[in-house]
Amino acid sequence: MLRFTLRRLALIPLLLWGIVTIAFFLSRSVSSNPLVTIVGERNLGNPDVVAAATRRWGLDKSLAEQYWVYLTNLVRGDLGTSFRTKSPVLDDLGARLPATLELAFTALVIAVVLGTVGGVIAARTQGRVADGVLRVAALAGSSLPVFWVGLVFLFVFYATLGIAPSPGRLSARVIPPPDVTGFYTVDSLLAGDWPLFTDAFAHLLMPAFIMSLALLGTVIRLVRSQMLEEQGADYVRTARAKGMARGQVLNRHVLKNAITPVVTLIGVSVGLLIMGAVLIETIFSWNGIGTYAVESSRGLDFPAITGVCLVGGVLFLLGNLLTDIAYATIDPRVRLS
Amino acid sequence: MSSARPSAPHRRRTAVRAGVVVLAATSLAACSSTGPATTDRTGIIIGRAMDVNSLDISRSLCDTCQIYNSAVYETVVRATPDGELEPLLAESWEANEDSTQFTFEIDPDAVFADGSAVEAKDVAWSWLRVQNLQGLPSYFMQGITGVEATGDRTVVVTSAAPNSAFLNIASASYMGVVNSDVAAENGATADADAASSDTAEQWFLENSAGSGQYVLDSYSEGSEIVLSANDSYWGEEPNFSSVTIKEVTDASAQLQQLQQGDIDLAMQISFDSLDQIESDSSLTTDVVPSYNFLYLALSPGVAGGEALQDVRVRDAIRMGIDYDTVIDATLAGNGERQSTGIPNGFEGSEGLPIPDFDPDGARALLAEAGYPDGLTLDATYPTFSAYGVNSNTEMQSIQQSLAQVGVTLNLAPVDFSTWGEQIDSTGYPVTAIYFAPDHPDTVQYFQYFSLIDGSVWAGRARMPVSPEENDLVAAALAQSGDERTATYTELGQLMYDDAIILPIVNPSYILASSADLQGNNYDITRNLDLTRLSFTD
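Being a predicted model, the structure only gives us computed values, none of them experimental. (Residues numbered from 1 in each chain as written. Chains lettered and ligands numbered in written order. Predicted model: local features only at pLDDT ≥ 70, side-chain atom pairs only at ≥ 80, totals over all residues.)

**Some remarks on the overall build of chain A**
(1) Moving on: A tally of helices and strands in chain A yields 15 helices and zero strands.
(2) Moving on: The buried share of chain A, reckoned over its 337 residues, is 42%.
(3) Moving on: Taking as baseline every contact in chain A between residues at least 6 positions apart, the subset at least 24 positions apart corresponds to 70%. (Helix = DSSP H or I, 4+ residues; strand = E, 2+ residues; numbered from the N terminus. Buried ≥ 20, exposed ≤ 12 C-beta atoms within 10 Å, placed from the backbone. Contact = placed C-beta atoms within 7 Å.)

**Concerning the overall build of chain B**
(1) Moving on: Of regular secondary structure, chain B possesses 18 helices and 22 strands.
(2) Moving on: For chain B, the C-alpha atoms occupy an extent of roughly 110 × 65 × 45 Å along the three principal directions.
(3) Moving on: Counting the 537 residues in chain B, one finds 52% classified as buried.
(4) Moving on: When contacts within chain B are restricted to residue pairs at least 6 apart in sequence, those whose partners lie at least 24 apart make up 69%.

**Focus: the interface of chain A and chain B**
(1) Moving on: Contact with chain A, which involves 48 residues of that partner, is made by 53 residues of chain B.
(2) Moving on: Of all the secondary structure elements, the ones that give two or more residues to the side of chain A that touches chain B are α2 (35–43), α3 (47–56), α7 (146–160), α9 (194–231) and α14 (289–298) of chain A.
(3) Moving on: Here the residues of the side of chain A that touches chain B sort into 21 nonpolar, 17 polar and ten charged. (Nonpolar A, V, L, I, M, F, W, Y, C, P; charged D, E, K, R; others polar.)

**Digging into the confidence of the model for chain B**
Residues and elements named next belong to chain B.
(1) Moving on: Confidence in the prediction of chain B, expressed as mean pLDDT, is 91, and 93% of residues score 70 or more.
(2) Moving on: Here residues 1–6 is modelled with pLDDT under 50, and outside its nearest four sequence neighbours on either side it reaches one contact, counting other chains as well.
(3) Moving on: Considering only residues more than four positions removed or in separate chains, one finds that residues 28–33, a stretch of pLDDT under 50, has ten contacts.
(4) Moving on: Predicted complex, confidence summary: ipTM 0.82, pTM 0.87. (pLDDT = per-residue confidence, 0-100.)

**Observations regarding the environment of Ala293(A)**
Residues and elements named next belong to chain A.
(1) Moving on: As for its position among the elements, Ala 293 is in helix α14.
(2) Moving on: Among the residues examined, Ala 293 registers 24 C-beta atoms within 10 Å and is labelled buried.
(3) Moving on: When the C-alpha positions of Ala 293 and Thr 306 are compared, they lie 9.7 Å apart, and in sequence the two are 13 residues distant.
(4) Moving on: When residues no more than four places from it in sequence are discounted, the contact partners of Ala 293 are Val 278 and Val 308.

**Side note on the pairing of strand β4 (residues 90–95) of chain B**
Residues and elements named next belong to chain B.
(1) Moving on: The pairing of β4 with strand β5 (residues 101–106) spans five bridges and is classified as antiparallel. Across the sheet, the residue bridging to Ala 90 is Ile 106, located in β5.
(2) Moving on: In sequence, β4 turns back onto β5 through a hairpin of five residues, with Ser 99 there showing a positive phi of about 55 degrees. (Pairing = 2+ DSSP bridges.)

**Section: helix α12 (residues 359–368) of chain B**
Residue and element names in this part refer to chain B.
(1) Moving on: Every buried residue of α12 is accounted for by Ala 362, Arg 363, Leu 365 and Leu 366. Projected down its long axis, α12 carries its buried residues within an arc of 160 degrees, all on one side.
(2) Moving on: Contacts made by the buried residues of α12 are with α10 (311–319).
(3) Moving on: Remark: Gly 370 follows α12 within two positions and exhibits a positive phi of approximately 95 degrees. (Arc of directions from axis to C-beta.)

**A closer look at the sheet that holds β4(B)**
All names here are of chain B.
(1) Moving on: The four strands lie next to each other as β4-β5-β7-β6, forming an open sheet whose pairing is antiparallel. In this open sheet, the two strands that pair with only one neighbour each are β4 and β6 (144–149). The average angle at which neighbouring strand axes cross in this sheet is 15 degrees, direction not considered.
(2) Moving on: By the bridge criterion, five bridges tie β6 to strand β7 (residues 154–159) in an arrangement that is antiparallel. (Axes fitted to C-alpha atoms, helices over the stretch in contact; angles between N-to-C directions.)

**Digging into the nonpolar core**
(1) Moving on: Counting residues in each nonpolar core, the largest one holds 233 residues, and the members touching the most others are Tyr295(B), Leu298(B) and Ile504(B).
(2) Moving on: Among the elements that take part in this core, α9(A) stands out by supplying 18 residues, more than any other.
(3) Moving on: Excluding residues that lie within four positions of it along the chain, Tyr295(B) makes contacts with Ala432(B), Ile433(B), Phe435(B), Ile501(B), Leu502(B), Pro503(B) and Ile504(B). (Core = buried A, V, L, I, M, F, W, Y, C linked by C-beta atoms within 7 Å.)

**Considerations on the packing of α2(A) against helix α14 (residues 416–423) of chain B**
(1) Moving on: Between α2(A) and α14(B), the shortest axis-to-axis distance is 10 Å and the interhelical angle comes to 65 degrees. As α2(A) runs across α14(B), the sense of the crossing is left-handed. Residue-level inspection shows Leu35(A), Val36(A), Thr37(A) and Glu41(A) of α2(A) in contact with α14(B), the latter providing Phe416(B), Ser417(B) and Gly420(B).
(2) Moving on: The residue inventory of the contact of α2(A) with α14(B), partitioned by class, reads three nonpolar, three polar and one charged. (Left-handed = near helix turned anticlockwise from the far one by under 90°.)

**A look at the confidence of the model for chain A**
Low pLDDT means the predicted coordinates in that region are not meant to be read closely.
(1) Moving on: Averaged over every residue, the pLDDT of chain A is 88; residues scoring 70 or more account for 98%.
(2) Moving on: Looking over chain A, one finds the lowest element-wise mean pLDDT in helix α12 (residues 260–275) of chain A, namely 78, and the highest in helix α8 (residues 184–190) of chain A, namely 95.

**Describing the packing of helix α5 (residues 89–124) of chain A against helix α15 (residues 302–330) of chain A**
All names here are of chain A.
(1) Moving on: Look at α5 against α15: their axes get within 10 Å of each other, and the N-to-C directions meet at 50 degrees. Relative to α15, the element α5 lies oblique. In terms of crossing hand, the pair formed by α5 and α15 is right-handed. Listed contacts from α15 to Val 89, Asp 92, Leu 93 and Leu 97 of α5 are Pro 303, Ala 304, Gly 307 and Val 311.
(2) Moving on: In the contact of α5 with α15, the residues fall into six nonpolar, one polar and one charged. (Parallel < 35°, antiparallel > 145°, perpendicular 65-115°, else oblique.)

**A closer look at unusual backbone geometry**
All names here are of chain B.
(1) Moving on: The backbone of Ser 99 sits at a positive phi, close to 55 degrees, despite the residue not being glycine.
(2) Moving on: Considering the arrangement of structural elements, one finds Ser 99 in the loop between β4 and β5.
(3) Moving on: Despite not being glycine, Gln 134 shows a phi value in the positive range, around 55 degrees.
(4) Moving on: Under the C-beta neighbour-count criterion, Gln 134 is labelled buried, with 24 such atoms within 10 Å.

**Overview of the environment of Thr536(B)**
(1) Moving on: Considering the arrangement of structural elements, one finds Thr536(B) in the segment after β22 (534–535).
(2) Moving on: Sequence separation between Thr536(B) and Asn506(B) is 30 residues; the distance between their C-alpha atoms is 32 Å.

**Some details on the environment of Val278(A)**
Residue and element names in this part refer to chain A.
(1) Moving on: In this structure, Val 278 sits in helix α13 (residues 278–283).
(2) Moving on: With 19 C-beta atoms counted inside 10 Å, the residue Val 278 sits in the partly exposed group.
(3) Moving on: Spatially, the C-alpha atom of Val 278 lies 9.6 Å from that of Thr 100, the residues being 178 residues apart in sequence.

**A word on α9(A)**
All names here are of chain A.
(1) Moving on: Taking 1.5 Å of rise per residue, the 38 residues of α9 would be expected to cover 56 Å, yet its terminal C-alpha atoms sit only 45 Å apart, more than 12% below that figure.
(2) Moving on: Leu 213 marks the point of greatest bend in α9, at about 50 degrees.
(3) Moving on: Buried residues dominate α9, accounting for 27 of its 38 residues. (Expected span 1.5 Å × (residues − 1). Bend = angle between axes of the 7 residues up to and from the residue.)

Listed below in structure tokens is the structure:
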């Protein structure tokens, strides 16, 4: 497994180079003008301002030159400076990634825990009311548009009932915890500030739950179908014939086998959750990488767009690698080669 | 009695149950917590869709920048709500007879936030930096040939040609004075090569160097700008201990957060929500006129715009727009019609003709111009939502009314960067966009919309320069008082006759805040003047 892991890790730079190259040329292939973002509509007709901005941001160089400069800077860990925020892209991503990771990780935990429990209950109550309710809920979770659910939840629980906190990572006038990990829940605990932790956690719950819905629905259906499939296997019949209680068979043996495909699903979903955070982050004023990606795309902020693609690529590649390793660890039949 | 050690599955189940209980308890605690440590209510939270393009005052140009710049930096003079100029950093000022030289005397009491005195050299350095950076506000210094500190407190500005607008321009928030010593230590320069050698923009994202009531505490792009009161402020004490400008992009989200008390003031409330706010006793609201406007621009000189070369066709389009219906559709009726590129209320706008919907007149003019069966034009415009107006709604409404007079508009909405790629190259026969003032002088509208040398829209419309308009602008800049106002009006009439810029609506503006906040305002140079805001007891 070590050789497999090292070989996969060695391939990552090559794959990232491919991602960066595609992102670089694709973003520049559109017939739009980033100078609108840089100098604004009013100054587009001002040749001095346009010339100064073109020089300053390297847009006077040929595409090949720009690409070479980008790559050489990238090797040194410099992802360029954002046209829009005027900050180094690495700093921008570093400031926003923890917010998105905190949201995505919480959504993942919710989806896996509730999804597994839901799937097991549905399988054990097959054909009964609970199974029907869970199957409909799973279908709704997978089908309802996230932005619509987000807006409805905000309107009902925040604006109307007033029981949910405001959009954002903390309540108004609340002072954020000292920055250690960038995860407000973790940092507030590290600071020993329980009220701050509860505030951060309360703000996290609703967006994370809504973000988890699509994955939650899939996990429920996957676990349910796997459980039902496994229940017909020979080893289950044998265990039951030897007098093992049905619940014990399901929990000790069937569940363990049924949950293996969920691991694959998690691996694929990590990247999707993070890069798909756009809508949730926009609706819940969550200043993460999703909103950064949207604003960067809208303004043709080339360095930022390429930087976001690079981060997305790293997360996908690492997610897939970890999934393969986890899969092999859980299921001894899988050999990594 | 002996106790058996629990089996592994039992321990796992117990651990899972314990985890669930902890999670549930935490969730409940999160919902019922008495709350974390907060800043007190002496600070104000303002919700708005931020459009910050820089916190470096000499490079910035945006509505949010106006609020930030005027809170943190100070100009030599400031424009009052009545359009008069009053002292700020300068205790006195004067212009020579032909408005080519301006002298400012800096108030000896003025100090920066670090306690050092505001000197004439800081003023000269700041303005030269605006000019030499060739950044977004550099056109404020257009035609200025010299800025010199002739003493510790005296600054002399020289213009190549008469420029009576300069005093108004000096009141723009982008002309605020920076502590030159501090900024220079951090990479800023005002030298002639500043456009390539100045490296301070990132420093300004985390620091400020002004003499205003507030200093920059922190900035998180896409989230908030936090200002704290300047303890060394040399004038009247600030009304708030802190000012937070919070990113709330959506108008309905601004309303929700205002109603829940999470923000104290909302800057972009939709007119659809006006009834809701007015019926809420915890909120206060007012609808006031603004100087912003949205306009249709016709470009006779670009491919596809040949029919527009006949001014009668351009006039017919102006007459074929049902303004009231468009204003109803876009702003629920909360806007005014406007004559030309000079907003209602600006010097020179009074007495200019206001366009009317006249379909019969439009059809007659089109027939006279050789288009009895009407004509078809492509209208490419950026998709935006500005000052409460959605460009798609606006253009669809215009399309419907022009169809009644035989003008078919083929609408093509594009994103802003695509629009920007084409507008100054191939151009568009018909487009739609918006404008907000940067300073209180009317000359900005001639420099942008009229047919004079260097005007942006003369270039985009591919129209020849009008010598008459050129001469009148030059004459106005050498005049003052009523004489100048009359020249501005004459220029406004010529712009109306050109029929290149057709204003569609001058939107009203909603001032919405919590009921315990007084002094909410719309300010021409500051966008929101924080000095007029305060909490009631």
